[in-house]
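A structural walkthrough
Each chain is listed here by its residues.
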Amino acid sequence: MSQNAIEIKNLEKTYNPGKHNEKKALNSISLEIPTGSIFGLLGPNGAGKSTLINIMAGLVNKSGGNVSIWGFDIDKNPRQSRASIGVVPQEINFDPFFPPIESLEQQAGLYGVPKSERRSMEILEAVGLADKAYAYTRDLSGGMKRRLLMAKALVHNPPVLILDEPTAGVDVKLRKQMWDYVKELNAQGTTIVLTTHYLEEAQELCDQIAIINHGNIITNEPTQQLLDRVDSKTLIITPTKLLSKIPVFGKKINASLDENGNLIIEYPPKQIGIMEILSKVQDHKIDIKDIATQETGLEEVFLQLTENA
Ligand code: ADP
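Residues numbered from 1 in each chain as written. Predicted model: local features only at pLDDT ≥ 70, side-chain atom pairs only at ≥ 80, totals over all residues. Heavy atoms only, no water.

1. Examining the overall build of the protein chain
To be explicit about the condition: A run of H or I in DSSP counts as a helix once it spans at least four residues, and a run of E counts as a strand once it spans at least two, with each numbered from the N terminus. Each residue is assigned to one of three classes by its accessible area relative to the maximum for its type, calculated with a 1.4 Å probe on protein chains only: buried under 20%, partly exposed between the two thresholds, exposed over 50%. By the convention used here, residues are in contact when the closest approach between their heavy atoms is within 4.5 Å. The accessible surface values rely on the Shrake-Rupley method and a 1.4 Å probe; as for residues, cover is taken only from the protein chains in view. Asp and Glu are treated as the negative residues and Lys and Arg as the positive ones, with His and the ends of the chain left uncounted. For this purpose, a charge sits on NZ of Lys, CZ of Arg, CG of Asp or CD of Glu.
When helices and strands are counted, the protein chain shows 10 helices and 14 strands. Dimensions of the protein chain, computed from C-alpha atoms along their principal axes, come out at roughly 75 × 50 × 40 Å. Every one of the 309 residues in the protein chain was classed for burial, and the buried ones make up 46%. Long-range contacts, defined here as pairs at least 24 residues apart, represent 68% of the contacts in the protein chain between residues at least 6 apart. Accessible surface for the protein chain amounts to roughly 16,200 Å². Of this, 47% is attributable to carbon and sulfur atoms. Side chains of the protein chain give 33 positive and 38 negative charges; the mean places of these two sets differ by 3 Å.

Structural data, given as structure tokens:
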């Protein structure tokens, strides 16, 4: 396979063109998603994420540009490109009286997977639903239904799996389980594309992240590189005695007190070293009982980038 599982060139989408409610959702987007990656697509509500993945999945028609999935152009080879992708949608919609195993068999039928090649039970096992294979779907918990959605997207063994907000509304424990499963699929060779609102999820899972805002890609780079871009770190100092006022440390250093009386110092570590900060703390005659640092997360990067855009 080539280096990129997905290649997007000058992709445009305008909803309701020429009408009073015309809406440009994608502004000539170009994007390459490397084969074997876990690729995160982040952006605020209305940014264009769903439009983008729905075009990739062949569910929404584009207005311009080119998209190829696993080397197949979606216009020239629609069948092959669609067969190369599995989509785990956001909404859960199952027939309540349909057992999971039937759901998968039906989906496999839709994709033309021959009976001899179907692995419905194996997939249910992989997502932890083997013991529910013959239960009514309506009797599955919310988390189980999400896993069933994932199972459905896998019946035709697609090399690329797209997850639209996979853990929205899923509790913390189950979220971890789903992350583990996504990582496992990826380790076995599946390229994963996911949209998420949870920055923590993107930070934990994705090798590379593209941020989309108002229909434009505003950044696309390896996760660590993105995190390194923000020159900000936080130091949390617990003083031996409660401070009566917030000390002033000078330019580029932002100090505040939290509700427990800890001194919170935000500073740019690439410009000011930690020793300099600590000596300033001493200058203020503050005795330190405890000290901790907090790394900058994707949240700050995201806010900075979407605000600037
Ligand atoms: P996201 O998934 O990032 O929240 P969407 O792709 O759903 O963003 O939406 C991008 C923009 O396109 C939004 O302004 C949205 O209102 C608009 N949009 C999405 N779907 C349609 C549609 N079917 N008809 C008209 N406008 C739409």
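2. Some details on the site of the ligand
Rules: A cutoff of 4 Å decides nearness: a residue is near a molecule or strand if any of its heavy atoms lies inside that distance of it. Between N or O atoms, a polar contact is any pair within 3.5 Å; within protein, one atom must be a potential hydrogen donor and the other a potential acceptor, and residues adjacent in sequence are included only when both atoms are from side chains. All residues other than Ala, Val, Leu, Ile, Met, Phe, Trp, Tyr, Cys, Pro, Asp, Glu, Lys and Arg, Gly among them, are scored as polar; the first ten of these are nonpolar and the last four charged.
Taken together, Y15, N16, K23, A25, P44, N45, G46, A47, G48, K49, S50 and T51 form the complete shell of residues around the ligand. Take S50: an N or O atom from its side chain is 2.7 Å from an oxygen atom of the ligand. T51 has a polar side-chain atom sitting 2.5 Å from an oxygen atom of the ligand. In isolation the ligand exposes 560 Å². Once the protein is present, 64% of that is buried. The leading source of residues in the shell around the ligand is helix α1 (residues 49-56), at three residues. Looking at side-chain class alone, the shell around the ligand contains four nonpolar, six polar and two charged residues.

3. Describing helix α5 (residues 142-153)
Each α-helix winds once per 3.6 residues, and so residues spaced three or four apart point in a common direction. What counts here: What a helix is expected to span follows from its residue count: subtract one and scale by 1.5 Å.
The terminal C-alpha atoms of α5, which comprises 12 residues, lie 17 Å apart, in line with the 16 Å expected from a rise of 1.5 Å per residue. Within the span of α5, buried status applies to G143, R146, R147, L148, L149, M150, A151, K152 and A153. Structurally, α5 contributes buried residues whose contacts are with β6 (85-88), α3 (100-110), α4 (120-126), β7 (160-164) and α6 (172-187).

4. A look at the pairing of strand β4 (residues 64-69)
Basically, it comes down to this: In short, DSSP must find at least two bridges between two strands for them to pair.
With five bridges connecting them, strand β1 (residues 4-15) and β4 associate as antiparallel partners. Across the sheet, residue I6 finds its bridge partner in β4, namely I69. Two strands pair when backbone bridges link them, and β4 and strand β5 (residues 72-73) are joined in this way by two bridges, in the antiparallel orientation. Across the sheet, S68 pairs through a bridge with D73, a residue of β5. The loop that links β4 with its antiparallel partner β5 comprises two residues; one of these, W70, has a positive phi angle of about 55°.

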